[in-house]
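Each chain, letter by letter, is given below.
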Amino acid sequence: MGHLSSMLNGLARSLTLRKGRDSGGRETAEAMAKEAKKNDLLLRSSGTVNVTGSDNLASVFSKRGEKGVNQDCFIVWEEFGCQEDMMFCGIFDGHGPWGHFVAKRVRKTMPSTLLCNWQETLAEASIDPDLDLDSDNKHHRVNIWKNSYMKTCAAVDQDLGRHRKIDSFHSGTTALTIVRQGELLVVANVGDSRAVLATTSDDGSLVPIQLTVDFKPNLPQEAERITRCKGRVFCLDDEPGVHRVWLPNEESPGLAMSRAFGDYCVKDFGLISVPEVIQRHITGKDQFVVLATDGVWDVVSNQEAVQIVSSIPDKAKSAKRLVEHAARAWKRKRRGVAMDDISAICLFFHSSPSSSEFHPVTKL
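Presented here is a report on the structure given in the accompanying data block.

### Points about the side chain of S273
For S273, the position within the fold is in the loop between strand 14 (261-262) and strand 15 (276-281). Side chain to side chain, S273 and D157 meet in a polar contact 3.5 Å long. With near-sequence residues (within four places) excluded, S273 lies in contact with C153, D157, V190, A260, F261 and K267.

Following this line, the structure appears as structure tokens:
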């Protein structure tokens, strides 16, 4: 459903949830999230989302590492923004003393802020005489999402800075999110979590396509920005190969990623919260996408992840199997290193419930 008239109908339905005066639309979006949760269309814990009649099936699982509280969190929201053909998925990896609070705050604010910005951008585009959204122009749709994401990430980071009960000066979170709108897949990445698409090659085999960049400090464009802002990038002697971001004159904070929300201690020294936004048109060859925190990718290759997920008969258990495989790999490949939190979302594109009795949300 990419036509303007259909989208505006969805926006009209969303306005029925408006409570009181809400000029900015934020309260409307938050009310929509509550309504989705009540109708079993929104998941924030390990489980599955499979709505009758939807092409989507999402499997979600998280396992706490060996460093304390689990700082990973996630969200799956079917019928995002009262749009029957839209879905939002996000996975967030917190770090620092307040990392779990920061991650949960971003998980709460990002979907509603994105929805609000998308509605506003769409409304502005609908009155632009130079645009014909009814032609379903993919370029215009992608630009609307990209602009919405840019505004959203800036607003989310500002929200953290103003929050009185969360100390995000030495704590932060990554954020990897996707929106599926019909056959359009929009991926926005801040940090070093990764999205990998499984697609069918010409010979019939399933191959991985990495959709995102792991934003590590040693990437040339990232390192150049950080050093230009007087930040430093180097590895500790006992962590060869692990590049981190440091303040100009202190061995702190030692961030292992170059983009994140929060972490205000290094925001003036090269760390940014600007997302990389990419899009892909989903075809019949594309089977599923895996969104996972670096706890998975540190020990599992893209090819391994695709093979593991595709080999499981029960798709609802795919994320759990992938996470459990990664946990075993940590013990085998990284002996003596405390296991990181491990989380994954497996979103299947061409799935339907096995029976009419299937409940939309199943928690593990």
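Having seen it, we continue.
### Brief notes about the pairing of strand 16 (residues 286-292)
Along any regular strand, the residues point their side chains to alternate faces of the sheet. Of all seven residues that make up strand 16, six are buried, and the element is covered over most of its length. Note: strand 16 against strand 17 (residues 342-348), five bridges, orientation antiparallel. By the bridge assignment, V290 is partnered in strand 17 with C346.

### What to know about the sheet that holds strand 11 (residues 232-234)
In a beta sheet, neighbouring strands are held together by backbone hydrogen bonds and run either parallel or antiparallel to one another. The three strands lie next to each other as 11-12-13, forming an open sheet whose pairing is antiparallel. The open sheet has two edge strands, strand 11 and strand 13 (253-255), and neither has a second partner. Between one strand axis and the next, the sheet turns by 35° as a mean value, whatever way the strands run. Summarising the sheet, strand 12 (residues 244-246) and strand 13 pair through two bridges and their orientation is antiparallel. The residue of strand 13 that forms the bridge with V245 is L255.

### With respect to helix 5 (residues 220-228)
Every buried residue of helix 5 is accounted for by E222, A223, R225 and I226. Relative to the axis of helix 5, the buried residues are bounded by an arc of 160° and lie together on one face. Relative to its buried face, helix 5 has exposed residues pointing more than 90 degrees away, namely P220, E224 and R228. Against strand 11 and strand 12 lie the buried residues of helix 5. K230, located one to two residues past helix 5, shows a positive phi value of around 75°.

Parameters and conventions
Residues numbered from 1 in each chain as written. Predicted model: local features only at pLDDT ≥ 70, side-chain atom pairs only at ≥ 80, totals over all residues. Heavy atoms only, no water. Helix = DSSP H or I, 4+ residues; strand = E, 2+ residues; numbered from the N terminus. Polar contact = N/O pair within 3.5 Å; in protein donor to acceptor, adjacent residues only side chain to side chain. Contact = heavy atoms within 4.5 Å. Buried < 20%, exposed > 50% of the residue type's maximum accessible area, 1.4 Å probe, protein only. Pairing = 2+ DSSP bridges. Axes fitted to C-alpha atoms, helices over the stretch in contact; angles between N-to-C directions. Arc of directions from axis to C-beta.

This is a description of form; function is not addressed.
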